[in-house]
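Structural features, examined
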Amino acid sequence: MATLTENANWGTELWDQYDNLSIHTLKGIDFLERYGHFVRDRATIESEYAYKLRRLVKNYQPKKKDEEDYQFTSCRAFKALMTEINDMAGQHEVVAEDLQANVIRELTALVKDLREERKKQLQEGQRLSQSLQTQIESLQRAKKAYDKAFKEAEKAIDGFQKADADFNLSRAEVEKHRANMAHKTQTCDQAKNEYAVQLQQTNQLQRQHFRSGLPEVFRQLQDLDEKRIKNIKNFIKGSVELERNVFPIINKCLDGVLKAADIINEKEDTLLVIEKYKSGFQPPEDFPFEDLSKGGSDSGSANNLNNIQLGSKIKDGGYTVKGTITGKAMKKRAGIFNIFGSRGEDLSELPPNQRRKKLMQKIEELKTKVTQETAARDGLMKMKGVYEGNPALGDPRTIESQLNECSHRLEKLQQDLVRYQGYLDEVVKGIQSGNLTNSVTGSPRLLNGSSRIHRNSGGSAAEENSLSRSASDSSVTNTTLNNIKRSAPGTPQLNHGCSNSPESGLGTSHTSLHHADSDQDQYDGNHADPESEYYEADVLPAIGICRALYAFEAASEGSIPMAQDEELHLIEVDQGDGWTRVRRINGEFEEGFVPTTYIETSLFNT
């Protein structure tokens, strides 16, 4: 390989390689353009990668229904990880944008300039070569003219010499040959001089062409090529620098991912699972042993069997007490719970502990809204006072309507807050009493430590064992404790005493079922269809009589219409959802649910 020097240039070293230099510079510019395409595709990949990262993060963002699960540390860590990945995507977008702005744009402009400069220099080289070629052709023509004149002069001289030596020719003919010789000799001298001039001009132009003209063109092409090569070097370094600038931020994102991993705590998640799913029920007590051999125990045994006898096993693995609603049947009844908007607002369908959590959240929301509305009301009152003090600023009457609306909203929020606080106090008392039993097992749930209730019928008091209700009814079963108004919006408010007021939601119904005769209540072994719509038992015995205080039009599945003062058999008392199950006394067999506040009930005596 030849030794490279600073003074090496194409003009002197490659004076005769015009075509090869033309091809080389073209290939060089094509290579630069190819490198530009590479950078462009690289930027596209960075942009697509950033887009796919963002799309990945978006696809795995928690849905609204799953937001509650993101209280766990592992889920929170995953959410933080996705935030960091989203930030990393932003850095790849920065790389793509910088490549586009600082490399691809400049590179494209450079390719255009180099092509134009190369074209200009090649055209100059072609012009110089064409000028030299034209001069050489003129020299060749002068040379040919000189050759021809020289030959003709020699021929004329030879003809004169022969004529002069021939004594037979006349003097006139000899003079004729002399004149021809002189003319040819003169023409030859002129051609010779023209040839000499053209030769001098051609040599001078050729020296200028190969020593200054063409070398300058080649020098320009050399500078152009070196500029191309140098810029490729700068573009590569610039691309690296652009990417290196985002590395600190990407490293911070990766550090954020590590910090997100560090917040994962398996013990904390375990406690959250307990907090999330803890029902608040107490485990069931042991079943008592009934010794039938002892006298006088038959009645008690029968009563106990009637009260705790298990029905068929339901699909979710639990059991239900005969005459009570299963978990599946409770879902079936959900369709008629919402006829009156206020039903279910106390969240009584939830287990006590979960109900307490939800009520606390609701109370916090209400407190926040009360604070906001209070601040808004105070602001309006101040504005009204300013307007009253200075009527020029505004009319105080324009504020009154807004102030009234704000006061109404605040009053309603405060009422809701008091109501929900009452719900919370109720469930807290129930949990603290420690006498709630999980109904999924089919075990009885005792209220206030007592298994007996008093009935108002004919002035006599009868004591009976109560059947268990589901966990969702724990807060509304004993209405003597919570004293919550449960009348539906629009329901006529007739006063029938404290036991049957529509506001009480119970009429004269009680919180416990009364069993009928032993031959009716005794489990006969016939299991109901597991897919039955409401109950495990096919037909339930009547436990009392009810009278319709108001007419009711059935508007939902599972309910039945009734006329005012119509009497019906009571099949099942209100379980806290505001509905009572009844059956028509006369006519075809028809039973369903009616609003508890629309009826007054009377249970059968034992």
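Residues numbered from 1 in each chain as written. Predicted model: local features only at pLDDT ≥ 70, side-chain atom pairs only at ≥ 80, totals over all residues. Heavy atoms only, no water.

Worth spelling out the cut-off: UniProt positions are given in the numbering used here, feature names are shortened, and annotations may be inferred rather than shown by experiment.
The name recorded for the chain in an unreviewed UniProt entry is Formin-binding protein 1-like, from Dendroctonus ponderosae. As recorded by UniProt, the Sequence similarities (unreviewed entry) comment attached to the chain reads in full: "Belongs to the FNBP1 family."

Section: the pattern of salt bridges
How we decide: When a carboxyl oxygen of Asp or Glu is within 4 Å of a side-chain nitrogen of Lys or Arg, the pair counts as a salt bridge. Counting from the N terminus, the helices are the DSSP runs of H or I reaching at least four residues and the strands are the DSSP runs of E reaching at least two. Only protein chains enter the calculation, and the probe is 1.4 Å; a residue is then buried if its accessible area is under 20% of its type maximum, exposed if over 50%, and partly exposed in between.
Under the criterion given, the structure shown has 29 salt bridges. Residue R355 is joined to E426 by a salt bridge in which the shortest nitrogen-to-oxygen separation is 3.7 Å. Of the two residues, R355 sits in helix α8 (residues 352-389) while E426 sits in helix α9 (residues 397-433), which places them 71 residues apart along the sequence. For the pair shown, R355 and E426 are each scored as buried. Across the pair K384 and E400 runs a salt bridge whose closest N-O atoms are separated by 3.8 Å. Remark: E400 occurs in helix α9 and K384 occurs in helix α8; sequence separation between them is 16 residues. Exposure remark for E400: the relative accessible area of 33% places this residue in the partly exposed category. Three or more residues joined by partner-sharing salt bridges are found here, namely D30, E33 and R115.

Some details on the nonpolar core
Inclusion rule: The criterion is simple. A nonpolar core is a set of buried Ala, Val, Leu, Ile, Met, Phe, Trp, Tyr and Cys residues joined through side-chain atoms within 4.5 Å. Every residue pair with non-hydrogen atoms within 4.5 Å of one another is taken to be in contact.
L32, V39, L99, V103, L107, L114 and F235 are the most contacted members of the largest nonpolar core, which totals 22 residues. With 10 residues, helix α3 (residues 73-165) is the largest single contributor of residues to this core. The contact partners of F235, leaving out residues within four places of it in the chain, are Y35, V103, E106, L107 and L110. I560, L568, W579 and V582 belong to the second largest nonpolar core, which has 14 residues in total.

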